[in-house]
Amino acid sequence: MRIKIQRLGSVPVELPTYMTGGAAGMDLHAALAEPLTLAPGARVLIPCGFAIAIPQGYEGQIRARSGLALRYGLWLPNAPGTVDSDYRGEVGVILANSGDAGVEITPGMRIAQLVICPVERAVWEETTKLPETGRGDGGFGHTS
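Described in the following lines is the structure provided in the data block. (Residues numbered from 1 in each chain as written. Predicted model: local features only at pLDDT ≥ 70, side-chain atom pairs only at ≥ 80, totals over all residues. Heavy atoms only, no water.)

Here we look at the nonpolar core
Of all hydrophobic cores here, the largest spans 24 residues; its most connected members are Leu28, Ile62, Val93, Leu95, Ile105 and Ile111. Mapped by element, the contributors of at least two residues to this core are β2 (26–29), β5 (50–53), β9 (92–97), β10 (103–105) and β11 (110–118). A per-element tally of this core places β11 first, with three residues. (Core = buried A, V, L, I, M, F, W, Y, C linked by side-chain atoms within 4.5 Å. Buried < 20%, exposed > 50% of the residue type's maximum accessible area, 1.4 Å probe, protein only. Helix = DSSP H or I, 4+ residues; strand = E, 2+ residues; numbered from the N terminus.)

Overview of the pattern of salt bridges
With the rule as written, the count across this model stands at three salt bridges. Across the pair arginine 65 and aspartate 27 runs a salt bridge whose closest N-O atoms are separated by 3.8 Å. Taken together, the residues span a long stretch of sequence, with arginine 65 in the loop between β6 (58–63) and α1 (66–72) and aspartate 27 in strand β2 at a distance of 38 residues. There is no split in this pair, since arginine 65 and aspartate 27 are both buried. (Salt bridge = Lys/Arg side-chain N within 4 Å of Asp/Glu carboxyl O.)

Observations concerning the layout of surface pockets
Taken as a whole, the largest pocket encloses approximately 220 Å³ of empty space. Residue lining of the largest pocket: Gln56, Gly57, Tyr58, Glu59, Asp84, Ser85, Asp86, Val119 and Arg121, and that is the complete set. A per-class count over the lining of the largest pocket returns two nonpolar, three polar and four charged. Together, 14 residues line the second largest pocket, and Ile62, Asn78, Thr82, Val83 and Gly92 are the ones closest to its centre. Mapped onto the lining of the second largest pocket, the elements with two or more residues apiece are β8 (81–83) and β9. (1 Å grid on protein atoms, 1.4 Å probe; cavity = no way out; pocket = protein on both sides within 12 Å on 5 of 7 lines; lining within 4 Å. Points joined across faces, edges and corners; volume = space filled by probe spheres on them. Nonpolar A, V, L, I, M, F, W, Y, C, P; charged D, E, K, R; others polar.)

A word on the sheet that holds β6
Read from one edge to the other, the open sheet built from four strands follows the order β2-β11-β6-β8, with strand pairing classed as antiparallel. Of all the strands in the sheet, just β2 and β8 have a single pairing partner and so form its edges. The average angle at which neighbouring strand axes cross in this sheet is 35°, direction not considered. One ladder, built from four bridges, connects β2 with β11; its direction is antiparallel. If you follow histidine 29 over to β11, its bridge partner there is arginine 110. (Pairing = 2+ DSSP bridges. Axes fitted to C-alpha atoms, helices over the stretch in contact; angles between N-to-C directions.)

Take a look at the structure:
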């Protein structure tokens, strides 16, 4: 799949990159001019320095990097974040720090990953009764 990408801003940053041959996600880099420290409990929107034109029928899912989550407690509060096919603004990552110490986010740092996924659009078919299942309306921990 070919996706058009446009660099934005004045901070040069590496384009999203698959780091291994089997990687599902492309690493996203922080388009920061200078380092910033994310305090414990804080969150921030980090620009990535590009916009993309995802084809209709697909979305971009922004996901956390597992190493940053494990080592520093960095996570994405809206994970996975969605980049819609009709969005043309700069891609950004909302990072939150659930750790006990501040975490320095440096220019060009790999902060998240982007996975391109197919999307189905639903059409509602209103009914007065849903088909029965073995589970029924059990939810919110009903199997624990």
